Amino acid sequence: MSRRVSVGTRGSTLALTQTNLVVSALQAIHVGVDFTTHVIHTQGDWNQKASLQSIGGQGAFVGEIEAALLRGEIDLAVHSLKDMPAAERPGLALHATLQREDPRDVLISRAGVPLSQLPANARVGTGSARRIAQLRQLRPDLDIADIRGNVDTRLRKLDVGDYDAIVLASAGLLRLGLHERVTQYFSIQDMIPAPGQGILAVQTRSDNDWLNEIVTAIVDRPTQIAARAERAFLARLGAGCQLPVAAHATTDEAINSLTLRTLLGSDDGLSVVRDVATAPLNQAEVLGARMAEGALRRMETAW
């Protein structure tokens, strides 16, 4: 008799696609386990009118799923790591799984032109304070407007003319097979990604030793190290931080090196501080925290 594992996820096409990637990887290793998917609707899914920041930021996509996990209604949950709040929920364990997908942000424009060729005062859709701050550095003239909804909804709003362009994550488009819609890939230097962007996270209950052990088999070490550095930067800024925050780490195991690139912006997104630093691989959390402290000091001076 096979063991049963209930997997919680959001109900969007992207969330289900990502969950299937994780379940397939687990199923390939643990053939005697029966994984079943359960859709859970989060506040971020059903409240499409309010801005993301007003309903708790990225954490709006995970609260109900974490609660179901703690109640034992599901055994594990699959998330986009960039949706996870900085403060980890007591009683739950977080695993960075599979190899990271392309972490870059992309521009999709109706006219098929890159950011530099958009007309003056072009209307660009994004709900991310991080993207807004960096877009303003690249093109101060843009009319940046809030946009909500899943990938298909945002593309539809673009196609009907609500926006001249939108900014999305490359990873989601690749997983959905929509990469042909991309007009421009932003470089990591021009548009530093969100902490955890492109990484699939699996959450389990901390006391479920058996499940934590089987999930470990699909943890990708370089991805996990990068995630630790990026989330340490986010965590040191404070769980309630609503400022524009970006962090992206790369690893080089051959020389035992981790490089972290970060950004912290002001409330209005008009001022930003950027930094890049390196450390040994086993200093991921230390590097992230140290760079956050430096960013906070520099922002205090700038303000």
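Please read all numbers here as calculations on a predicted model, not as lab measurements. (Residues numbered from 1 in each chain as written. Predicted model: local features only at pLDDT ≥ 70, side-chain atom pairs only at ≥ 80, totals over all residues. Heavy atoms only, no water.)

(A) Here's a closer look at the sheet that holds strand E7 (residues 143-145). A sheet is described by the order of its strands in space; here five strands give the open sequence E7-E6-E8-E5-E9, paired in mixed fashion. The open sheet has two free edges, formed respectively by E7 and strand E9 (184-185), since each of these has just one partner strand. Direction of pairing for strand E5 (residues 105-109) relative to E9: antiparallel, over a ladder of two bridges. Looking at E9, one finds that Leu-107 is bridged to Gln-184. Against the sheet, helix H4 (residues 129-138) makes contact with E5, strand E6 (123-125), E7 and strand E8 (165-169), and its axis sits at roughly 125 degrees relative to E8, the strand it touches most. Its contacts with the sheet put helix H5 (residues 151-159) on E5 and E8, and the angle it makes with E8 is roughly 165 degrees. (Pairing = 2+ DSSP bridges. Helix = DSSP H or I, 4+ residues; strand = E, 2+ residues; numbered from the N terminus. Contact = heavy atoms within 4.5 Å. Axes fitted to C-alpha atoms, helices over the stretch in contact; angles between N-to-C directions.)

(B) Structural view of the sheet that holds strand E1 (residues 3-9). Ordered in space as E2-E1-E3-E10-E4, the five strands form an open sheet in which the pairing is mixed. At either end of the open sheet lies a strand with only one pairing partner, and these are strand E2 (33-39) and strand E4 (92-97). The average undirected angle you get between the axes of adjacent strands in this sheet is 30 degrees. Against the sheet, helix H7 (residues 209-216) contacts E1, E2, strand E3 (76-80), E4 and strand E10 (200-205), and its axis sits at roughly 160 degrees relative to E10.

(C) Structural context of unusual backbone geometry. Not every positive phi belongs to a glycine, and Asn-121 is a case in point at roughly 65 degrees. By the secondary structure assignment, Asn-121 is in the loop between E5 and E6. For Asn-121, a relative accessible area of 55% translates into the label exposed. Positive phi, close to 55 degrees, is recorded for Asn-256, a residue that is not glycine. (Buried < 20%, exposed > 50% of the residue type's maximum accessible area, 1.4 Å probe, protein only.)

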